[in-house]
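Survey of secondary and tertiary structure
Chain by chain, the residues run as shown.
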Amino acid sequence: MIKKFFILIFLFITFFIFNYYFNFSLKTKYIVAGTGNPGKIYVYETKDEILNKIKTLNTGYKFVHTVKIGDIYNNGGKQIVAGVSNSFFAEPYGCKVVSYDVKDFKESIVDDVGDLRCKDLTIGDADNDGKDEIILATHGRGIVRIYKWIDGRWNKEDLEDNYISKIDAQEKTNHRVDNKDLPCKECVVQTAVHIVKVGDVDNDGKNELITTMSSPLELQKIDEISYIRLYKKVDGKWQNKTIDQISNREFRSITIGDIHNQKKNVLLVGIGSPRNEKGSLYVYEYFNGKWGKRIIYNDQDEKNMKGVALGDINGAGKQTILLATGFPNAKIMTLESEAKGFKKKLIGTIASLFKLDKPEFNSMVALISQANKNTNLIIGGTTIYPDKKIGWEGADQGYLVVYSKKGNIWIPKIIETKNILGMDMEK
């Protein structure tokens, strides 16, 4: 009798543990995507199948330039956070940062920023106080701003405001768009902050804030200038420095991670241009107090390198780079670190998935998702027709494509054909 009792107890405990971990592994996680023309946020769940759309949020603006999901109140909850605006296409001009609770999708205003585009944002512990903040990057004045939730309100701190204006004053140059050439006569268009990331890039155990910024994309007759900037809070004060600078092209994407699988972070930076220069991917490593850099990929056809992600794509316990390029064909490829360099593998192109008349494809973001033990590569971007001369921002077409691996082959599936400007997935 006692033996049967202990067997029943054992079976009960085993069932409880199995049930707990099984349900935990199938816990619903969200992927969010922001669109342009009109500005909507698509919410997908990943519990039963990859990218099962459960909600569409209408922001009331033309563009959702960026969207992220995280615990911005540091209370264990999750919020969707987005940067929205009408850009130059409609009044009112000026962008906002908005949030939506994933429980009821109720909208809240984080900030009425006022700059032209709230181009990128991230959620992370930038100041190493153990709590996450929202970090915003804008186009126009080029603001880098931190939002911290304190005592029931958003406190904001600007780390940068129009960096290119400082360079212009120093170098006696002019990269400001004349207001007579703008639909928005009161707008300042001089600095474009493209991407902002938080992570430990110098491997000292503390986070840094990294941005890429350049002169405005609207300037077509003046050579671009671009910078990688680092911000670090030391003894209660923010320090800043320039890691690298270039001209004629622009630093775009930023990814932080251990690409060599040596428990040491590096900085991946993609370079692009709205003109005819080709795109490149560089790795920056901090060693002995100095930043070193080397090129790991240079494309002969594509102009943009904005979709970059890291993950254990092959299930081998090693980090692999996922690269989604832009203009004209949008190549999808992987790069894996080896002793003699990087092994490159072309998965396919976005262009090959569509039967359209002379379009160009630009990948804006790439994600690596592992749902139900399956690895999926998720690519979002925009489709333009150069002969229509509307540019990427004016486009309403685009793509959200999922590549799922079947054996040794990656099978693509088109999920959306809207203009996808930003994506994120719940950690």
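Note: the structure precedes this text.
The text that follows walks through the structure, step by step, so that each part is easy to find. Worth saying up front: this structure is predicted, and the values here are computed from it rather than measured.

Broken down by element type, the protein carries 2 helices and 27 strands. A compact globule built from 427 residues would reach a C-alpha radius of gyration of about 22 Å, and the protein, at 22 Å, matches this within 12%. Taking the principal axes of its C-alpha atoms as reference, the protein extends roughly 90 × 55 × 50 Å. Residues counted as buried form 54% of the 427 residues belonging to the protein. For the protein, long-range pairs separated by at least 24 residues make up 49% of all intrachain contacts whose partners lie at least 6 apart in sequence. Here the protein has roughly 20200 Å² of accessible surface; of this, 50% comes from carbon and sulfur atoms. Computed over 62 positive and 54 negative side-chain charges, the separation of the two mean positions in the protein equals 5 Å.

Another aspect to go through is the state of the cysteines. One pass over the structure, following the stated rule, counts 2 disulfides. Note on cysteine connectivity: Cys-184 is disulfide-linked to Cys-187, with sulfurs 2.0 Å apart. Here the S-S torsion is close to 80 degrees, and the disulfide linking Cys-184 with Cys-187 is therefore right-handed. Here the bonded cysteines of the protein are numbered in sequence order, and their pairing is 1-2, 3-4.

You can see Ile-420 is positioned in strand β27 (residues 409-425). By relative accessible area, which is 0% here, Ile-420 ends up buried. Taking the C-alpha atoms as reference points, Ile-420 and Asn-52, separated by 368 residues in sequence, lie 16 Å from one another. Excluding anything up to four places from it in sequence, Ile-420 contacts Ala-33, Gly-34, Thr-35, Met-364, Gly-380, Gly-381, Thr-382, Tyr-399 and Leu-400.

With that settled, consider helix α2 (residues 163-171). Taken together, the buried positions of α2 are occupied by Tyr-163, Ile-164, Ile-167 and Asp-168. Summarising the axial view, the buried residues of α2 lie within an arc of 140 degrees, below the 170-degree limit, and thus occupy one face. Across α2 from its buried face, at more than 90 degrees, point the exposed residues Ala-169 and Gln-170. Structurally, α2 contributes buried residues whose contacts are with β11 (153-161), β12 (191-199), β13 (208-214), β14 (225-234) and β15 (237-247). Lys-172 lies just past α2 and shows a positive phi near 60 degrees.

Below, the discussion takes up the pairing of strand β25 (residues 374-384). A regular strand carries its side chains on alternate faces of the sheet. Most of β25 is tucked away, with 10 of its 11 residues classed as buried. Where β25 meets strand β26 (residues 397-406), 7 bridges bridge the pair, whose relative direction is antiparallel. Paired with Thr-382 across the two strands is Gly-398, which belongs to β26.

The sheet contact formed by strand β18 (residues 280-287) and strand β19 (residues 290-298) spans 8 bridges and is antiparallel. Looking at the pairing, Ser-280 lines up with Asn-298 of β19. Hairpin remark: β18 followed by β19, antiparallel, with 2 residues in the connecting loop; positive phi at Asn-288, about 55 degrees.

Any aromatic ring pair is given by two values, namely how distant the centres are and how the planes are angled relative to each other. The full count for this structure, using the stated rule, is 10 aromatic pairs. Summarising the aromatic geometry, the rings of Tyr-163 and Tyr-227 are spaced 5.3 Å apart at their centres and angled 80 degrees between planes, so their arrangement reads as edge-to-face. A residue pair is termed long-range when its members are at least 10 positions apart, and Tyr-163 in helix α2 and Tyr-227 in strand β14 qualify at 64 residues. Summarising the burial analysis for this pair, Tyr-163 and Tyr-227 share the class buried. Ring centres of Tyr-286 and Trp-291 lie 5.0 Å apart, and the angle between their planes is 55 degrees; this geometry places the pair in the tilted category. A residue is classified by how much of its surface remains accessible, and Trp-291, at 22% relative accessible area, is partly exposed. Counting every residue linked through ring pairs, the aromatic cluster contains Tyr-73, Trp-149 and Trp-154. The positively charged end of Lys-53 is found above the aromatic ring belonging to Tyr-42, 3.9 Å away from the centroid. Note that Lys-293 overlies the ring of Tyr-282, its terminal NZ or CZ placed 5.3 Å from the centroid.

About the criteria used
- Residues numbered from 1 in each chain as written.
- Predicted model: local features only at pLDDT ≥ 70, side-chain atom pairs only at ≥ 80, totals over all residues.
- Heavy atoms only, no water.
- Helix = DSSP H or I, 4+ residues; strand = E, 2+ residues; numbered from the N terminus.
- Rg over C-alpha atoms; globule rule 2.2 N^0.38 Å.
- Buried < 20%, exposed > 50% of the residue type's maximum accessible area, 1.4 Å probe, protein only.
- Contact = heavy atoms within 4.5 Å.
- Areas by Shrake-Rupley, 256 points an atom, 1.4 Å probe, with all protein chains shown as cover.
- Lys, Arg positive; Asp, Glu negative; His and termini not counted.
- Charge placed at Lys NZ, Arg CZ, Asp CG, Glu CD.
- Disulfide = S-S within 2.5 Å.
- Arc of directions from axis to C-beta.
- Pairing = 2+ DSSP bridges.
- Phe/Tyr/Trp six-rings, centres within 6.5 Å; stacked < 30°, edge-to-face > 60°.
- Lys NZ or Arg CZ within 6 Å of the ring centre and 35° of its normal.

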